[in-house]
Amino acid sequence: MMKYAAKIKNPLRRKLLAWYRHHQRSLPWRNTNDPYCIWISEIMLQQTRVDTVIPYYERFIKSFPDVRTLANAPVQDVLKIWENLGYYSRARNIHAASRIITDRCGGRIPDKSEEIKTLPGIGDYTAGAILSIAYGLAVPAVDGNVRRILCRLFAIRKSVDDPRGQKKLRDLAAALVPSRHAGDFNQALMDLGATICRVKKPDCLICPVGSICRVRLSGLQESIPVTRKNPAIPRKQGAAAVIFDASHRLLIVQRPSSGLLASLWKLPGGFVHDGKSIKKCLRDCVREELNISIAAGSCLASADHTYTHFRLTLQAFDCRLMKGNPEARTCQNWRWATTSQLEKLPMSKIDRKILAEVASSSPLS
Ligand code: SF4
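Residues numbered from 1 in each chain as written. Predicted model: local features only at pLDDT ≥ 70, side-chain atom pairs only at ≥ 80, totals over all residues. Heavy atoms only, no water.

**Here we look at the domain arrangement of the chain**
Argument step 1. Examined at the domain level, the chain breaks down into domain 1 (2-223) and domain 2 (235-361).
Argument step 2. Placing a centre on the C-alpha atoms of domain 1 and another on those of domain 2 gives a separation of 37 Å.
Argument step 3. Facing eight residues of domain 1, the contacting portion of domain 2 comprises 16 residues.
Argument step 4. Across the contact surface, domain 1 and domain 2 share one salt bridge.
Argument step 5. A salt bridge links Glu83 to Arg352; the nearest nitrogen and oxygen atoms lie 2.8 Å apart.
Argument step 6. The interface formed by domain 1 and domain 2 contains seven residue pairs in polar contact (both at pLDDT 80 or more).
Argument step 7. Tallying contributions element by element places helix α5 (residues 75-82) first for the side of domain 1 that touches domain 2, with three residues.
Argument step 8. The class makeup of the residues in the side of domain 1 that touches domain 2 is three nonpolar, two polar and three charged. (Domains from an automatic or database assignment. Contact = heavy atoms within 4.5 Å. Salt bridge = Lys/Arg side-chain N within 4 Å of Asp/Glu carboxyl O. Polar contact = N/O pair within 3.5 Å; in protein donor to acceptor, adjacent residues only side chain to side chain. Helix = DSSP H or I, 4+ residues; strand = E, 2+ residues; numbered from the N terminus. Nonpolar A, V, L, I, M, F, W, Y, C, P; charged D, E, K, R; others polar.)

As structure tokens, this is what we get:
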């Protein structure tokens, strides 16, 4: 593999950089070398499509134009801007990292691999992207797209899902990245993976590196890279309580500061456990969360959402407060909220769907 890398290194760099000069995608974070902007865009792009990211990126940079502004903002404001982009730990990590950068690094994003990788949410790939694009350092940035291209270029038929396989690909990418134009080289690979060397139906006929690609003539492009089959995603059921006060404000709770969707707001409730009725689970969850007793009536709304590890069906029930005053037990906080207050608080997509359905049948104050 390394022998072939030494052989194709120069033509690969030349062909890719020439192609990138003419065919690079026009993206808002490509108009700058500001490490802050590169960092934010790279984090947003993890697990998320480019066209989804663009409006979020623009809003984020407008609200938090530099690392100090971000560090001084409450995390709730950052989560609100992030709403519906998913994988909210990314937003919490960005915020936590901004405070570290401000407090310990004098507001400058580190330009050393070992240092930048100590920041929350910055792993090998993001470090490589920031260091090469913003600082011009010859560091590889290897994500799923780049792994796929390398496996095809080198006809690697072994699975690269395990850490050893991924380390080998990183070493290979490190041997290929040039000392000049490293950022453009890495971005050229990203663009090639997104537009030509796609997962399905790679467009080998117009590929700029087709003449040096080992799988091109074999017809095996779509069978490489070899990946493990993902196990089936389990289904979970959730139940939520719709409780109004006398002024028709809605009772909502803030999730704990760690775990799934941490610190976002939602209706009281939780997961349904096997063997228990959904309403019994709801009553138990709400008692645990807020130390109140409720009576659960009819189902007002239902919504589905797929997370990385499970699919959720959430049902919301018309509920009445029977006994007690809410107190934050397993949640961080609680409040009675009007419609305009609900709009300002960060919530997940499924909770927003549920609220929209509830509001259509039972208007909030
Ligand atoms: S020739 Fe085909 S398989 Fe090889 S890198 Fe180009 S698009 Fe991918």
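**Structural notes on the packing of aromatic side chains**
Argument step 1. Going through the model one piece at a time under the given rule, you end up with eight aromatic pairs.
Argument step 2. Consider the rings of Phe60 and Trp82, whose centres lie 6.1 Å apart with planes at 85°: the pair is edge-to-face. Placement of Phe60 in helix α3 (residues 50-63) and of Trp82 in helix α5 is noted, with a sequence separation of 22 residues between them. Taken individually, Phe60 and Trp82 each receive the classification buried, so the pair is uniform in this respect.
Argument step 3. Above the face of the Tyr56 ring, Arg59 is positioned so that its terminal group lies 4.8 Å from the ring centre. (Phe/Tyr/Trp six-rings, centres within 6.5 Å; stacked < 30°, edge-to-face > 60°. Buried < 20%, exposed > 50% of the residue type's maximum accessible area, 1.4 Å probe, protein only. Lys NZ or Arg CZ within 6 Å of the ring centre and 35° of its normal.)

**Concerning the packing of helix α2 (residues 35-45) against helix α8 (residues 124-133)**
Argument step 1. With their axes 9 Å apart at the nearest point, α2 and α8 run at an angle of 150° to one another. α2 and α8 meet at a crossing whose hand is right-handed. The segment α2 lies against α8, with Pro35, Ile38, Trp39, Glu42 and Ile43 engaging Tyr125, Thr126, Ala129, Ile130 and Ile133.
Argument step 2. Looking at side-chain class alone, the contact of α2 with α8 contains eight nonpolar, one polar and one charged residues. (Axes fitted to C-alpha atoms, helices over the stretch in contact; angles between N-to-C directions. Left-handed = near helix turned anticlockwise from the far one by under 90°.)

**Some details on the pattern of salt bridges**
Argument step 1. Within this structure, the stated rule accounts for 17 salt bridges.
Argument step 2. Ionic pairing is found between Arg49 and Asp51, a salt bridge with its closest N-O pair at 3.2 Å.
Argument step 3. The exposure class of Arg49 is exposed, given its relative accessible area of 57%.
Argument step 4. Overall, Asp51 belongs to the partly exposed group, its relative accessible area being 48%.
Argument step 5. For Asp171, the salt bridge is made with Lys167, and the minimal N-O distance between the two is 2.9 Å. Of this pair, Asp171 and Lys167 both sit in helix α10 (residues 163-176), separated by four residues, roughly a single helical turn.
Argument step 6. Ionic contacts of the salt-bridge type, sharing partners, join the residues Lys276, Lys280, Asp284 and Arg287 into one network.

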